[in-house]
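Each chain, letter by letter, is given below.
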Amino acid sequence: MQVPGKSRFVMENRPAPRAGLTLFCARGEMPSLWTRIVLAEKDVDGARIEWILPNRPNQDLLVLNPSGKLPTLADRDTVLFPAAIVAEYLDERYPHPKLLPPDPAARARIRMVLARFDQEIFPLAAQIVAAPKSPEAKAARKQMAEILITSARLFAGRGWCLGADYSLADCAWAALLSSLPALGLKLPPDPNLTRYAERLLARATVQSALR
C-alpha cells in the first residue's frame, strides 16, 4: 500500500515551546497584512503576531516551517502557509464572523478574486517593494493601476466586494488599498471605488491590523 505524501503546506513538526496561536508576519508584505486583517476580524483571545525582520532568522519559525515562507500560522500542533491557506483556516477555525458565504457559487466567486490576488497582485506588490526604482517596479505599478481601474466594477453596489456581506475578498482589498501609498500608487478617480475604499479603510478591524 502506498503511503500518501505529506502536503507541502501543512507541516507536522512539533511547535516551538512558546507557540500558541501565532501568526508570523513581515512588515510591508501584503500577504502578511491580509492575514493580519483576517485575524483582527476574528478577535481571537491570546493570538499574537510574531514579526520577522529581514536577514534575521527566527528560530521558532524555522522549527515550525523550515522554508521560512510568510505568513505562517501556528495553532497548537497545526502549522499552515501560505496566506490563502491561513485565511481560510482562520475562517473555519473561528467561524464568527463568517468571512466565506455558505452558498457554493458565492464562495467560488470570492475564491476567484483571491486567486487573482495570489497570482497577480501579491507578486506585483513584491516586485515594487523589492526594488522600488527599478524598471520592473515601474512596469508592476502600471499593471497594478490597470487592475485597480478594471476592478472598479466590483464595487458598483452598496455592499461589499461581490455582495452585501463582508468577506475574505474584502480583507484582501483592504490590504491592497491601504498599501497604495507605500507602493507609489494612487486610487483611480472612480466614485464607487472611492466610496468602497473609504468605508473599508475606516473599519475598526482594518485600522487595528494596520497599527
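Provided above is the structure to which this section pertains.
Since we're looking at a predicted model, the values are computed, not measured. (Residues numbered from 1 in each chain as written. Predicted model: local features only at pLDDT ≥ 70, side-chain atom pairs only at ≥ 80, totals over all residues. Heavy atoms only, no water.)

Asker: Which residues make up the packing of aromatic side chains, and what values go with them?
Answerer: Taken as a whole, this structure holds 7 aromatic pairs when the rule is applied. Look at F117 and W173: their rings are 5.4 Å apart centre to centre, the planes differ by 90°, and that puts the pair in the edge-to-face class. Remark: W173 occurs in helix α6 (residues 168–183) and F117 occurs in helix α4 (residues 104–130); sequence separation between them is 56 residues. You'll find F117 and W173 in the same group, each marked buried. Centre to centre, the rings of F155 and Y196 are 4.0 Å apart; their planes meet at 20°, and the pair counts as stacked. One end of the pair, F155, is in the loop between α5 (135–150) and α6; the other, Y196, is in helix α7 (residues 191–201), with 41 residues separating them in the sequence. F155 gets classed as buried once you look at its relative accessible area, which sits at 4%. Under the relative-accessibility criterion, Y196 is labelled buried at 4%. Put simply, the rings of W34, F117, F122, F155, W160, Y166, W173 and Y196 pair up and form one aromatic cluster. Against the face of W51 rests R27, its NZ or CZ located 3.8 Å from the ring centre. The ring of Y166 carries R203 above its face, with NZ or CZ at 3.6 Å from the centroid. (Phe/Tyr/Trp six-rings, centres within 6.5 Å; stacked < 30°, edge-to-face > 60°. Helix = DSSP H or I, 4+ residues; strand = E, 2+ residues; numbered from the N terminus. Buried < 20%, exposed > 50% of the residue type's maximum accessible area, 1.4 Å probe, protein only. Lys NZ or Arg CZ within 6 Å of the ring centre and 35° of its normal.)

Asker: Give a detailed account of the nonpolar core, specifying residues and quantitative values.
Answerer: Within the largest apolar cluster, 57 residues are counted, with the highest numbers of intra-cluster contacts made by W34, I37, M144, W173, L176 and Y196. When contributions to this core are tallied by element, the ones reaching two or more residues are β2 (21–25), α1 (30–42), α3 (83–93), α4, α5, α6, α7 and α8 (204–210). Apart from the residues within four sequence positions on either side, L176 is in contact with M30, F117, I121, M144 and L148. Membership of the second largest hydrophobic core comes to 8 residues, among which are A26, L64, L70 and V79. (Core = buried A, V, L, I, M, F, W, Y, C linked by side-chain atoms within 4.5 Å. Contact = heavy atoms within 4.5 Å.)

Asker: An account of the pairing of strand β4 (residues 72–75) is requested, with residue identities and associated values reported.
Answerer: Neither face of β4 is exposed, since T72 and A74 on one face and L73 and D75 on the opposite face are all buried. Where β2 lies against β4, 4 bridges are found, and the strand directions are antiparallel. Within the sheet, the bridge partner assigned to L21 lies in β4 and is D75. Inspection of the sheet shows β4 paired to strand β5 (residues 78–80) by 3 bridges, in the antiparallel sense. (Pairing = 2+ DSSP bridges.)

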